[in-house]
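# Tertiary structure, described
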Amino acid sequence: MTSSLQSQFIKKLKVASIQYQHEQFLKTRHFSDEGERFKNTVVPRYQRKLDYFFGIKKNYETIKQRIDRIDLKIEPKESITVRKFENEEDIRKVARKASVYFQQGLEMLETSFSMPENTSPLVEYYALLQCAKGFIILDLDVKEELFFTQHGLTPAKNIDERKSSKFINAIIKPLGVFSALAIRRAQFIDQRTEENDPVYYQNDLEYYFDEEYKPSIENIVIFGDENPDIKMINHSLTAFIGSWMLSSLVRYGPMKWQEILAGQETDLIKDIRDFREESLIRAFDSFLPDHMR
């Protein structure tokens, strides 16, 4: 990461690690007249995203199966909802937890800066993961035993030869941090006057939860017209997937990662370095709370 982007983000993340910041913001949002905008505009938008997410049969059934397995005694749609607070003590608890997640993210990220390239992507990803959790819980009430106990991504197998990477492809899973993050971060705009009017419609969830979406590491980090996923390459959700891929290579495919680092057959490491220095730091920044922008 470049020193200027690095220092700017670390400064913001230190502020995000302060419980008081989140507590005051949530009190204003939920217990004052200023909260009307959240109720009238943000909540309906979240609800549309939640309806879309649970409307995907695979998502609904997978979550239901997990709920039944751990005997949670809730309906699938209750597993992730828009935040509502009954009192200020509840706000204090959520603000505290968010600040802890951001503090862990800060410490892991700073640690990764001093690590060699052979291992730093692993700790870097876990820093991003913790920041994502803090970002999610300020707006969404998530059953963490369902969504925060797994990443929501898994290596893809049996990929079409034309789309397969020799290093790693990913599949989106219904349960995991990624799903919760997608509901929190995905754009959803529907102001169409006609059903097939693309100008006033955007639903990022359609893209990421398409069963055909099995990106390769090359799709994530290489800019170019030949990249089939170029449309969403700058999205923070795409960067999250890319960071998970790099951490997986470091942890589970060290020989493949060494091959990439050495540039034995491709110059992919050049694109990965650019990705980590630019796209990934922008993703970190986008996972800061809204009141810090």
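What comes next concerns the included structure. (Residues numbered from 1 in each chain as written. Predicted model: local features only at pLDDT ≥ 70, side-chain atom pairs only at ≥ 80, totals over all residues. Heavy atoms only, no water.)

## Some details on the packing of helix 12 (residues 254–262) against helix 13 (residues 268–286)
- At their nearest, the axes of helix 12 and helix 13 sit 7 Å apart, and the two run at 95 degrees to each other. One finds that helix 12 runs roughly perpendicular with respect to helix 13. Residues Trp257, Ile260 and Leu261 of helix 12 touch helix 13, and the partners they reach there are Leu268, Ile269, Ile272 and Arg273.
- Of the residues that constitute the contact of helix 12 with helix 13, the class distribution is six nonpolar, no polar and one charged. (Axes fitted to C-alpha atoms, helices over the stretch in contact; angles between N-to-C directions. Helix = DSSP H or I, 4+ residues; strand = E, 2+ residues; numbered from the N terminus. Parallel < 35°, antiparallel > 145°, perpendicular 65-115°, else oblique. Contact = heavy atoms within 4.5 Å. Nonpolar A, V, L, I, M, F, W, Y, C, P; charged D, E, K, R; others polar.)

## Observations concerning the packing of helix 6 (residues 120–137) against helix 13
- Contact geometry for helix 6 and helix 13: axes closest at 9 Å, N-to-C directions at 25 degrees. Relative to helix 13, helix 6 is oriented roughly parallel. Here helix 6 contributes Ser120, Pro121, Glu124, Ala127, Leu128, Cys131 and Phe135 to the contact with helix 13, which in turn contributes Arg276, Leu280, Ala283, Phe284 and Ser286.

## Let's talk about the nonpolar core
- The biggest cluster of nonpolar side chains holds 84 residues, and the ones touching the most others in it are Phe147, Phe240 and Ile241.
- Residue contacts for Phe147: discarding those within four places in its chain leaves Phe53, Ile63, Ser79, Ile80, Val142, Pro174, Leu175, Gly176, Val177, Ser179 and Ala180. (Core = buried A, V, L, I, M, F, W, Y, C linked by side-chain atoms within 4.5 Å. Buried < 20%, exposed > 50% of the residue type's maximum accessible area, 1.4 Å probe, protein only.)

## Thoughts on the pattern of salt bridges
- Using the criterion set out here, one finds 18 salt bridges in the structure.
- Among the salt bridges present, the one from Lys166 reaches Glu265, with a minimum N-O distance of 3.3 Å. Placement of the pair is Lys166 in the loop between strand 3 (153–155) and strand 4 (170–172) and Glu265 in the loop between helix 12 and helix 13, with a sequence separation of 99 residues.
- Residue classification places Glu265 among the exposed positions, given a relative accessible area of 60%.
- Each of Glu23, Lys27, Glu88, Glu89 and Arg92 takes part in one network of salt bridges that share partners. (Salt bridge = Lys/Arg side-chain N within 4 Å of Asp/Glu carboxyl O.)

## Thoughts on the environment of Arg185
- Locating Arg185 in the fold gives a position in helix 8 (residues 177–185).
- A relative accessible area of 25% places Arg185 in the partly exposed class.
- Taking the C-alpha atoms as reference points, Arg185 and Ala132, separated by 53 residues in sequence, lie 9.7 Å from one another.
- Excluding its chain neighbours within four sequence positions, the residues that come into contact with Arg185 are Lys49, Phe135, His235, Ser236, Leu237, Ser286 and Phe287.
- Within the local environment of Arg185, its side chain forms a polar contact with the side chain of Ser236, the two groups lying 3.2 Å apart. (Polar contact = N/O pair within 3.5 Å; in protein donor to acceptor, adjacent residues only side chain to side chain.)

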